[in-house]
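As a plain string of letters, each chain reads:
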Amino acid sequence: MPRPVAAPAGRKARLPSVDVIRGLAVAGMILANNPGDRTSVFAPLRHAAWHGLTVADCVFPLFLFLVGVSVALALDREAPGTRAVWPRILRRACLLFALGLLENAYLRLSFESLRLPGVLQRIALVYLAAAWLHRRLCDRGLAATIAVVLGGYWLLLAWVPVPGLGRPSLDSGANLQGYVDQLVLGSHIWKAGTTWDPEGVLSTFPAVALGLGGVLAGRWLRRGGRGAGRVAALGLGALAAGLAWTAVLPLNKSLCTSSFVLVLGGGATVLLAACHAALDGRPRLPRAVAPLAVLGTNALPVYIGASFVASTLRHITFPDGRGGLVNTQTALFRLLFSGWPDPEWASLAWAVLFLACLYLPAWLLYRRRIVLTA
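Criteria and thresholds
- Numbering of residues begins from 1 in every chain and follows the order in which that chain's sequence is written.
- Thresholds applied to this predicted model are a pLDDT of at least 70 for local features of residues and 80 or more for the giving and counting of side-chain atom pairs; totals over whole chains, interfaces and linings are not thresholded and use all residues.
- The basis for the side-chain values is all heavy atoms of the structure; hydrogens and waters are excluded.
- By nonpolar core we mean a set of buried residues, namely Ala, Val, Leu, Ile, Met, Phe, Trp, Tyr and Cys, connected to one another through side-chain atoms within 4.5 Å.
- The rule is simple: take the accessible area with a 1.4 Å probe, protein chains only, and divide by the maximum for that residue type; under 20% is buried, over 50% is exposed, in between is partly exposed.
- Here a helix means four or more residues in a row that DSSP labels H or I, a strand means two or more in a row labelled E, and each is numbered from the N terminus.
- In what follows, a contact means two residues having at least one pair of non-hydrogen atoms within 4.5 Å.
- By salt bridge we mean one thing: a side-chain nitrogen of Lys or Arg within 4 Å of a carboxyl oxygen of Asp or Glu.
- Put plainly, a pocket is an open set of points on a 1 Å grid over the protein atoms alone with protein on both sides within 12 Å along at least five of seven lines, a cavity is a set where a 1.4 Å probe fits but cannot get out, and a lining residue has an atom within 4 Å of a point.
- Grid points are joined across faces, edges and corners, and a volume is the space filled by probe spheres set on the points.
- Structural elements are reduced to axes, namely lines fitted to C-alpha atoms, with helices fitted over the stretch in contact, and the angle between N-to-C directions of any two is expressed from 0 to 180 degrees.
- Roughly parallel means an angle under 35 degrees; roughly antiparallel, over 145; roughly perpendicular, 65 to 115; everything else is oblique.
- Crossings are assigned a handedness: left-handed for a near helix turned anticlockwise from the far helix by less than a right angle, right-handed for a clockwise turn.
- When residues are sorted by character, Ala, Val, Leu, Ile, Met, Phe, Trp, Tyr, Cys and Pro go into the nonpolar class, Asp, Glu, Lys and Arg into the charged class, and all the rest, Gly among them, into the polar class.
- Charged-residue counts in this description rest on Lys and Arg as positive and Asp and Glu as negative, His and the chain ends being excluded.

Draft legend 1. View of the nonpolar core. By size, the foremost hydrophobic cluster in this structure holds 102 residues, and its most contacted members are Phe63, Val69 and Ile123. The element best represented in this core is helix α2 (residues 55–74), accounting for 12 residues. Leaving out residues up to four positions away in the same chain, Ile123 has contacts with Phe60, Phe63, Leu64, Val67, Leu96 and Leu300.

Structure (structure tokens):
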């Protein structure tokens, strides 16, 4: 059974609930990003084609929510001398952004097609904005900021005509986010036959609002985390409001619509309140969730390592014996799982095996009480 990680001197002890949910999020991100066969993805791990919501659509927003929670737990806005932490915050945000660019450029030596946004870049921006606003705004100020951002973003998407189209549009082929991405980023966007980027310019603002929801939840934990039922009720209220909003604004992860943020933020709040009531303050973690705490303690290094290992496996190729080439990932998948009768379950099995291989170094770090941060 893994042991809790001791907190460094002068810092609050790590909360098992936060580590467990963070581990759940990063495990979901790795499983969704690394199917054995992209033509036979396990159904719950498929992203919605455009509008809609699947399990896979929830994991990265959950991680962004936890970025805000972690900011509130790590940065005491009431303590004197907090200006001294800003160099560390800026350094960490810049390092995350740079690692995201390196992830996009890895084994792709072409600046002309380099994608500038990305998962790590979005985490960096949400982290920086959440830290800055956490230091300057009270709870009501944060709530008002969330409301203004989500309301303003809805008005932009629903009422501002897309240049060149002449009317507002939420279609995948023509929307305001795509126009802004093309204007600001040009060719440096996601390359999946689209004109927009899922971590694009406009959608960064509602993503920050999601992180600020996490800051509010983190402040509640920092104050003692009493009244989990009341906080869960607030989360359910946000979730219900988001679902009601879908009558005029559909759920859409790629656009990070305001309804999507409310539904995911509300759901994340409920999950955090439930895990806090069930896990925090216990002498030992239940065995069923201990592996998630292992992954969650060093979630970003695990995710970054997964990305680089997966890219390497897909890049290294060799003759397939039939006059063509096959990459290492495909060859290993065929070797291990080609005999499975259900291709979707075989694809999932590869993803689980890949995650299990990453779990080993995460477990070694956890056992040695090593937490890798920028």
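Draft legend 2. Structural context of the pattern of salt bridges. For the structure shown, the criterion picks out 8 salt bridges. Its salt-bridge partner being Arg22, residue Asp19 comes within 2.8 Å of it at the nearest N-O pair. Taken together, the positions of Asp19 and Arg22, both in helix α1 (residues 16–33) and 3 residues apart, correspond to about one turn of that helix. Here Asp19 matches Arg22 in class, with each residue buried. Taking the shortest distance from any N to any O, the salt bridge between Arg46 and Glu344 comes out at 2.3 Å. Placement of Arg46 in the loop between α1 and α2 and of Glu344 in helix α13 (residues 343–367) is noted, with a sequence separation of 298 residues between them. One network of salt bridges, in which partners are shared, links Arg14, Asp19 and Arg22.

Draft legend 3. Main features of empty space enclosed by the protein. For the structure on display, the rule yields 1 cavity of 30 Å³ or more. Size it by volume and the largest cavity reaches roughly 80 Å³. Taken together, Phe60, Pro61, Leu64, Arg122, Pro198, Glu199, Leu210, Lys253, Cys256 and Phe260 make up the lining of the largest cavity. The leading source of residues in the lining of the largest cavity is α2, at 3 residues.

Draft legend 4. Highlighting the packing of α1 against α13. Here α1 crosses α13 at 135°, and the two axes come no closer than 8 Å. Relative to α13, the element α1 is oriented oblique. Here α1 and α13 pass one another in a crossing that is right-handed. Of the residues in α13, those touching α1 at Ala27, Ile30 and Leu31 are Ala351, Val352, Phe354, Leu355 and Leu358. Across the contact of α1 with α13, the residue classes break down as 8 nonpolar, no polar and no charged.

Draft legend 5. Region of interest: the side chain of Asp181. By the secondary structure assignment, Asp181 is in helix α6 (residues 176–185). The charged side chain of Asp181 is buried without a salt bridge, its nearest counter-charge being Arg122 at 7.5 Å. With near-sequence residues (within four places) excluded, Asp181 lies in contact with Gly186, Ile189, Thr195, Trp196, Asp197, Gly200 and Val201.

Nothing here speaks to function; it is geometry throughout.
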